[in-house]
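# Remarks on the overall topology
The lines below spell out each chain.
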Amino acid sequence: MTGQSSGGFAVAGADPDEAERRIQQWAQGFAEKAQRYQEVQAQTEQLRLSASSPDGRIKVTVRADGSVTDLEFTDKVRSMPPNELAAQILSTMHRAQADIAGKVGETMAATLGDEDQQTRSMMLDNLRERFPEQPEEESEPETSSKWDGPAEEDETPAPPAAPAAPTAPPAPPKRPRFEDEDDDEFGPDFDPLRD
């Protein structure tokens, strides 16, 4: 027996100094890995992604977590109906968020290299699910020039509906019979709740 396990750690009876050195190397490897992940986190927190509406009236900037950090309008938004403005803001925000997974992936690759592919893949898949990529050419949202709300006051009300023809009351539901039921003992008029 050589005194070492296949995992690289010393086993009982081996040189204690060698075992301590291997444990320190192992711990230092974890510390360095943790430091690289902290660097990725710091760089990711500094990421800002921006997108503008097709007509340039709206600009949205988001963080890597998808939250909006800045929203800019040109004076041209004053002429937009409110529902169109809201739709354009949301659409532009989604375009800004669409590249979050790509930018975070680039940051991780630059700092971590090929290390921890499984963890990276899981994190990036989560970001892609939360912030899906937008199609190249989005269709313009349908808009109207007025708010979607209750009908106008000047519309002619519908005439009242004609009364329905009288109908017979529905028949009472039939009581299901069970195979082991024995009604002969009590009779058809038995009511256990009656005095």
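See the structure shown above.
These remarks concern the structure in this document. Source: prediction; values computed, not measured.

On to the overall build of the chain. Tallying secondary structure elements over the chain gives 4 helices and 3 strands in all. For the chain, the sequential pattern of α-helices and β-strands runs α-β-β-β-α-α-α. Across the 195 residues in the chain, those meeting the buried criterion constitute 19%. The long-range fraction of contacts in the chain, counting pairs at least 24 apart against all pairs at least 6 apart in sequence, stands at 51%.

Looking now at helix H1 (residues 16-46). Across its 31 residues, H1 extends 45 Å between first and last C-alpha, which sits within 8% of the 45 Å expected from 1.5 Å per residue. All buried positions along H1 are accounted for by Ala19, Val40 and Thr44. Buried residues in H1 make contact with helix H3 (100-112). For H1, the capping residue at the N-terminal end is Asp15, with a side-chain oxygen 3.2 Å from the backbone nitrogen of Asp17.

Moving on to the nonpolar core. Nonpolar side chains tend toward joint burial in soluble globular proteins. With 20 residues, the main nonpolar core has Val60, Val62, Ile100, Val104, Met108, Leu124 and Leu127 as its most contacted residues. Elements with a minimum of two residues in this core: strand E1 (48-52), strand E2 (58-63), helix H2 (82-97), H3 and helix H4 (117-130). Broken down by element, this core gets its largest block of residues, 5 residues, from H3. Filtering out sequence-adjacent residues up to four positions away, Leu124 remains in contact with Ala101, Val104, Gly105 and Met108.

Conventions used here
Residues numbered from 1 in each chain as written. Predicted model: local features only at pLDDT ≥ 70, side-chain atom pairs only at ≥ 80, totals over all residues. Heavy atoms only, no water. Helix = DSSP H or I, 4+ residues; strand = E, 2+ residues; numbered from the N terminus. Buried < 20%, exposed > 50% of the residue type's maximum accessible area, 1.4 Å probe, protein only. Contact = heavy atoms within 4.5 Å. Expected span 1.5 Å × (residues − 1). Polar contact = N/O pair within 3.5 Å; in protein donor to acceptor, adjacent residues only side chain to side chain. Core = buried A, V, L, I, M, F, W, Y, C linked by side-chain atoms within 4.5 Å.

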